[in-house]
Amino acid sequence: MNIFSHFQTIITDQLGALSAEGKLAEGLDFSKITVEPPRDAAHGDLATNAAMVLAKAAGMKPRDLAELLAAKLEAAGHFTKVDVAGPGFINLTLQPDFWRAQVAHILNARNTYGEVDAGRGELVNVEYVSANPTGPMHVGHTRGAVFGDALANLLEKAGYKVCREYYINDAGGQIEVLARSVFLRYREALGEDIGDIPEGLYPGDYLVPIGKELAAEYGDKLKAMPEADWLEIVRKRAIEAMMEMIRGDLAALGIEHEVFYSERSLHENGAVEETLAYLESKGLIYTGVLEPPKGKTPEDWEPRPQTLFKSTEFGDDVDRALKKSDGSWTYFAPDIAYHYDKYKRGAAHLIDVWGADHSGYIKRMSAAVAAVTDGKADLDVKICQLVKLYRNGEPVRMSKRAGSFVTLRDVVEEVGRDAVRFMMLYRKNDAPLDFDFAKVKEQSRENPVFYVQYAHARIHSVLRNAQAEVSGIDLSDSALAKADMALLRDEAELTLIKQMAQFPRMVQSAAEAHEPHRIAFYLYELASAFHGLWNKGKDDPSLRFILADDKSVTLARLALIRAAAYVVEAGLGILGVEAIEEMR
RNA sequence: GGUCCCGUAGCUCAGUAGGAUAGAGCAUCAGAUUCCUAAUCUGAGGGUCGCAGGUUCGAAUCCUGCCGGGAUCACCA
C-alpha cells in the first residue's frame, strides 16, 4: 500500500463531503493535490497543498479553505494532530501505531514490498544496449545496459508489463566490414600470412577463433567461391558469434533480453517497404533537396534530390532522408519500421535507451513514432551520458584504434557485477559519470555500494547472532510479524519505519519519471537511517537490537530490522544488485 | 550557426512532476572513542541555486533572452 495515495483519497473524500454540504464549490479539479512527507519532520508526518491548489477555483483564501478542511480532517479521526501552516499547508500527524503497523505489512509482503499498480498491466517496450555486433562490449555500453535493465525492473515493480529488447544492427556497412575482417582471419587460419590488418578492418583478436572455425568447417572452399557467396556465409557466422559474445557480456552483468530483433529481418520480410508505403499513403514522403546545415557545411556537400520523410510536421527541425545516394535505405528507414513493429506488437509505451552521441536523433524518431502510430504511442528516449574511467585519480585513456579500450568484462571482473551496476545507477542518466576503480572497490562508508549492502549484511548478522544467543527464539517472518510493535518507542526506530514506508511511493514516482537512480539514492538514505539506529545502540546499550533480558523488545526490534532488510532487498532487486547476507 | 544536455556548498552530486528555513557525502573545523553489535561516532561552519527578466499565493524546478561547459549536425550505425 502506498500510504500517501491512501491519505490523498481520504483528503479528496473530505473535500467532496464539504462540497456536498455546500461549504465548498463543486466540480473542483483535485488532480493537483499532493500528499507528501514534509521536508521538515517537525511539521508532522504528512503535508498537503490542497487548500492552496484549490483556493482560486473555490473563490476562497488559502488559509480559510485550509482551516475548513483541517477541521473536517480532524473530525475524521485518522490523525493525532492537524495544523494549518505557512501559506496554507495542512500538516498531519499520524498515530505512532499507524507507522508501527507498517512493520508487519512489510514482513508480510517480504521483498514484494513496494509493488504498485501504476502501470495497470500495460505493456512497455524497453529497448536498450543495441550495440553493433562488431566486437565485445566496452565500458561505454555498460551504463546504458545497466540503466535500461534497471528501468525495466522498475517498471515491472510499478505494475507494467515489460518487454526488454535488443535491436541488432546486422544490416549496415559495418557488418560487411566485420565479415571481411573475419574472412581475413579465416585465410590466416589456413596458414596464409596476412600481415598487418589493413586500415578500416577490425583488428581485434576476438575474430581469430571465428576464422579458425570457418577454416575447420569449410577448409579452403570459401576462398574458391565468388565474393557474394562467401560474404553471405561469413557474415552470418560472424554475426552469430558476435551476438553470442555480447550475450555473454550481458550475462556477466546479469542482463537478459527477451527479444533480440534483427534489422536485417525488416529488410528481408518487406517491413521497411510496407512501413514506408504506409507513410507514403499519408502523404508524408516526398523527394526533395535539403539545405546544407547552417554554419557548418560539409566539404563534399552538394544539392541532391533525396527521398524524405516530413518529420517537420511532427516537430523535427528538418525533414529526414530515408534513402542513401546509392538508393539503399538509410539507417532511419528500418528503424521506423522497427518502432512501428513494436507498436503493432501491443506496446503503446516505447522507451529507447541511447548514448549521448545519438541525442540528435531523438526528434526524428519521435516524429516517426507519432506519424506511424497516429500519436497513439508515446516514445521516451533516455540518454546516457559518457562514463569517464579513473584509476588512482588518473583518467584512463582509451583508444579504439590502438585497441586499448576497456571492455565491459574487464570492469565486471575487476570490481564485480553489483558494484558496477550500483555505481552506474548512482547518478542521473543524463549527467556525466566518473567511475573510479579504487573508490568503487573501497569498503568504507564513503562508498555507497558498500554502505547499502553493508546495511543488509549487518541486519543478517544481527539475526544470526540472535538465533545463536537467544535460546528458542523464532525468527520466522510470521513470528516476527506478531511481535509487539508498540515497544518500538525510540525516535530513531520510528524514523526508520517512516523511511521504509516511503518505498512504494518512491517506486511509483521513479517509475513515472523513468529514473531508476532515485531508487539508488533512496536506498542510501534508508541504509543511513538503519546505520544511525545501530550507532545509537553503540552509545546506549538499551537501544541494541538484542537485549538478553527482554525478549519482547528484542522481537519487536528484530521485526523492525528484518523488515528493513526486505526493503533493501526489494530496492536492490530493482537495481539488479544482490542483497548479500555477509560481507567478505 | 542550428539542435539537445548540463551549470546548486571548496570538491562530487541529490533535490521526490511548482511548495515551507535548498540537502547528502567528501574536505575543513570542534568534540567523543581504543570500546568491541562488524569497516569509528557526534556536532559546527560553509549557498545571490550561472546572470537578467517573466508567469503566480509560491520558482533551483516552468517560459524568454544572455553567459559558460559538453554532445551532435545530408548519405555512417
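Residues numbered from 1 in each chain as written. Chains lettered and ligands numbered in written order. Predicted model: local features only at pLDDT ≥ 70, side-chain atom pairs only at ≥ 80, totals over all residues. Heavy atoms only, no water.

**Quick word on the sheet that holds strand S6 (residues 161–168)**
Then, number 1: With parallel pairing, five strands are arranged side by side in an open sheet as S7-S6-S5-S11-S12. Two strands bound the open sheet, and with one partner strand each, they are strand S7 (259–262) and strand S12 (378–384). Strand-to-strand twist of the sheet, defined as the mean angle between neighbouring strand axes without regard to direction, takes the value 25°.
Then, number 2: Against the sheet, helix H12 (residues 332–344) contacts strand S5 (123–127), S6, S7, strand S11 (349–355) and S12, and its axis sits at roughly 160° relative to S6.
Then, number 3: Running over the sheet, helix H13 (residues 362–372) touches S11 and S12 and is turned about 160° from S12. (Pairing = 2+ DSSP bridges. Helix = DSSP H or I, 4+ residues; strand = E, 2+ residues; numbered from the N terminus. Axes fitted to C-alpha atoms, helices over the stretch in contact; angles between N-to-C directions. Contact = heavy atoms within 4.5 Å.)

**Remarks on the nonpolar core**
Then, number 1: Phe 435, Met 500 and Leu 558 are the most contacted members of the largest nonpolar core, which has 138 residues in total.
Then, number 2: The element that contributes the greatest number of residues to this core is helix H22 (residues 551–575), accounting for 16 residues.
Then, number 3: Residue assignment places this core across two domains, with domain 1 (3–94) and domain 2 (444–575) each supplying three or more.
Then, number 4: When residues no more than four places from it in sequence are discounted, the contact partners of Phe 435 are Val 387, Lys 388, Leu 389, Tyr 390, Val 411, Val 415, Val 420, Met 423, Met 424 and Val 440.
Then, number 5: Grouped together as the second largest cluster of nonpolar side chains are 33 residues, Tyr 261, Ala 271, Trp 329 and Val 381 included. (Core = buried A, V, L, I, M, F, W, Y, C linked by side-chain atoms within 4.5 Å. Buried < 20%, exposed > 50% of the residue type's maximum accessible area, 1.4 Å probe, protein only. Domains from an automatic or database assignment.)

**Topic: the protein's contact with RNA strand B**
Then, number 1: Among the 60 residues in the neighbourhood of RNA strand B, the closest are listed as Phe 89, Asn 132, Tyr 454, Arg 458 and Arg 544.
Then, number 2: A share of 56% is what sugar and phosphate atoms reach among the atoms of RNA strand B within 4 Å of the protein.
Then, number 3: Backbone polar atom of Asp 430 to a sugar or linking oxygen of RNA strand B: 3.4 Å apart, as the coordinates give it.
Then, number 4: At a separation of 3.4 Å, a base oxygen of RNA strand B approaches a polar backbone atom of Trp 534.
Then, number 5: Those elements giving two or more residues to the surface near RNA strand B turn out to be helix H2 (50–58), strand S4 (89–94), helix H6 (173–189), helix H17 (448–469), helix H20 (503–513) and helix H21 (517–539).
Then, number 6: Counting residues per element, the surface near RNA strand B draws most heavily on H21, at eight residues.
Then, number 7: Looking at the surface near RNA strand B residue by residue, the class counts come to 20 nonpolar, 17 polar and 23 charged. (Near = heavy atom within 4 Å. Polar contact = N/O pair within 3.5 Å; in protein donor to acceptor, adjacent residues only side chain to side chain. Nonpolar A, V, L, I, M, F, W, Y, C, P; charged D, E, K, R; others polar.)

**Here's the deal with the packing of helix H11 (residues 271–281) against H12**
Then, number 1: Running from amino to carboxyl end, H11 crosses H12 at an angle of 85°, the nearest separation of the two axes being 9 Å. On the basis of the axis angle, H11 is roughly perpendicular to H12. Here H11 contributes Ala 271, Val 272, Glu 274, Thr 275, Leu 276, Tyr 278 and Leu 279 to the contact with H12, which in turn contributes Ala 333, Pro 334, Ile 336, Ala 337, Tyr 340 and Lys 344.
Then, number 2: By residue class, the composition of the contact of H11 with H12 is ten nonpolar, one polar and two charged. (Parallel < 35°, antiparallel > 145°, perpendicular 65-115°, else oblique.)

**Remarks on the side chain of Asn 153**
Then, number 1: For Asn 153, the location among the structural elements is in helix H5 (residues 139–157).
Then, number 2: The residues contacting Asn 153, other than those within four sequence positions of it, are Arg 164, Arg 421, Gly 573, Ile 574 and Gly 576.

**Observations concerning the layout of surface pockets**
Then, number 1: Each pocket or cavity is described by its volume, and for the second largest pocket that value is around 500 Å³.
Then, number 2: Lining the second largest pocket are 17 residues, and of these Pro 37, Pro 38, Lys 498, Gln 499 and Gln 502 lie nearest its centre.
Then, number 3: For the lining of the second largest pocket, the elements supplying multiple residues, two or more each, are helix H19 (491–501), H20 and H21.
Then, number 4: Class assignment of the residues belonging to the lining of the second largest pocket gives a composition of seven nonpolar, four polar and six charged. (1 Å grid on protein atoms, 1.4 Å probe; cavity = no way out; pocket = protein on both sides within 12 Å on 5 of 7 lines; lining within 4 Å. Points joined across faces, edges and corners; volume = space filled by probe spheres on them.)

Just distances and angles here, no functional claims.
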